[in-house]
Amino acid sequence: MRHRLPPDHYINGILAGDRLLLSRAITLVESRRPDDQALAQLVMEGVLSRSGEAGPRPAASSVRIGITGVPGVGKSTFIEAFGTYLTQLGHHLAVLAVDPTSQRSGGSLLGDKTRMETLSMNPNAYIRPSPAGDSLGGVGHRTRETMLLCEAASFDVILVETVGVGQSETVVHGMVDFFLLLMLAGAGDELQGMKRGIMELADALVITKADGDNIAPANRARMEYQNALHLFPPTGTGWFPPVLTGSALTGAGIATIWQTIQEHQQLTTQNGQRNQRRQAQQLTWFRALLRQQLDSQFYDRPGMQDQLALMEAQVQAGTLLPGQAVKMLFQPSSSGSR
Ligand SMILES: Nc1nc2c(ncn2[C@@H]2O[C@H](COP(=O)(O)OP(=O)(O)OP(=O)(O)O)[C@@H](O)[C@H]2O)c(=O)[nH]1
Ligand SMILES: [Mg+2]
């Protein structure tokens, strides 16, 4: 088992941009051990109070971009091309994954590191696989903390990838400044598993694999989706989500996508929406943590699992009313007894 360092060691390392210490701090943040959690909290606090000492807080100037789309749409390949492009512009890029399926695969980004070959060797890019067993604590457990640590380590563009198969898109949308939805040309909405709700969350759509024979279908899809988006109610932000095309293979459209994100940042910085969005996200984060804490305080009480099992059997059998059961659970004497 790896040994733990004093908090200052992590803090100084992160602020100096030391990747090894950044990785180790993220591992602490993701750990479920109470002593790791306590140490992680100290590190987080230290980093946040000291980051930005030499200027504005790094988080204030970072861009957080969420990327989603069904399996096979080309997320990893896109991130490889887009990320490489960004580092060529001089950006420092962190790639994180929120993966609802990571329990099974041990983190799809881990396998992807081989697919993101160029990027994983790039000194200006940092790729962090999703933690195994992520879904235990809910999707995106600790991704926000990880994001803050990466920003403190001077990564100024954060890409958060998630597979578009369920609730994870909503979670990722709730932690980024810009939400990018990748889509395939020629596949029906049904096939892409795309619900209208996800399209409504997107700040831009990109039709992927717009190369070779697929250029014409991609352009057709672009028109169709643009028309479909016009039917959505305005977002009230002054931003109208564009539909773009892109190819990770040829690089076509990659620069335009980055330009679009920058235009969005400029607009929302000027009109205050970016700040508002981040403030709302902070609040959501707080409430989610509070709920988690309440849950674990209740469910982790000694004997609680047995007590619940017994009560549920009684409720099922009709010998105990649900309301009565709840009342009993909250009577001080009920805790731990049996
Ligand atoms: N022609 C072409 N093929 C592409 C492009 N981008 C990705 N592909 C191919 O599409 C397939 C899926 O790409 P991935 O990047 O693995 O897709 P993904 O969305 O990350 O998939 P999951 O990780 O399974 O969710 C691969 O065989 C890629 O080579 C592109 O721009 N053009
Ligand atoms: Mg992938």
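This section reports on the structure supplied with the text. Since the model is a prediction, treat every value here as computed from it, not as a measurement. (Residues numbered from 1 in each chain as written. Chains lettered and ligands numbered in written order. Predicted model: local features only at pLDDT ≥ 70, side-chain atom pairs only at ≥ 80, totals over all residues. Heavy atoms only, no water.)

Focus: the pairing of strand β3 (residues 125-128)
Strand residues, when the strand is regular, have side chains that alternate between the two faces of the sheet. Going residue by residue along β3, you find Ala125 and Ile127 tucked away on one face and Tyr126 and Arg128 tucked away on the opposite face as well. Where strand β2 (residues 93-98) meets β3, four bridges bridge the pair, whose relative direction is parallel. Within the sheet, the bridge partner assigned to valine 95 lies in β3 and is isoleucine 127. (Buried < 20%, exposed > 50% of the residue type's maximum accessible area, 1.4 Å probe, protein only. Helix = DSSP H or I, 4+ residues; strand = E, 2+ residues; numbered from the N terminus. Pairing = 2+ DSSP bridges.)

Concerning the pattern of salt bridges
Within the structure shown, the criterion is met by eight salt bridges. Between aspartate 36 and arginine 4 there is a salt bridge, with its nearest N and O atoms 2.3 Å apart. Placement of the pair is aspartate 36 in helix α3 (residues 34-50) and arginine 4 in the segment before α1 (7-15), with a sequence separation of 32 residues. On the basis of relative accessibility, which here comes to 27%, the residue arginine 4 falls in the partly exposed class. Where arginine 142 meets glutamate 145, a salt bridge forms, and the shortest distance between an N and an O atom there is 3.1 Å. Neither arginine 142 nor glutamate 145 differs from the other in exposure class; each is buried. (Salt bridge = Lys/Arg side-chain N within 4 Å of Asp/Glu carboxyl O.)

Thoughts on the environment of leucine 244
Structurally, leucine 244 is set in strand β7 (residues 243-245). The spatial distance from the C-alpha of leucine 244 to the C-alpha of leucine 182 is 9.5 Å, given a sequence separation of 62 residues.

Looking at the side chain of serine 31
When you line up the elements, serine 31 lands in the loop between α2 (19-30) and α3. Within the structure, serine 31 has its side chain in polar contact with the backbone nitrogen of arginine 33 (distance 3.0 Å). Not counting residues within four places of it along the chain, the set of residues in contact with serine 31 comprises Asp36 and Gln37. (Polar contact = N/O pair within 3.5 Å; in protein donor to acceptor, adjacent residues only side chain to side chain. Contact = heavy atoms within 4.5 Å.)

These figures capture arrangement, not role.
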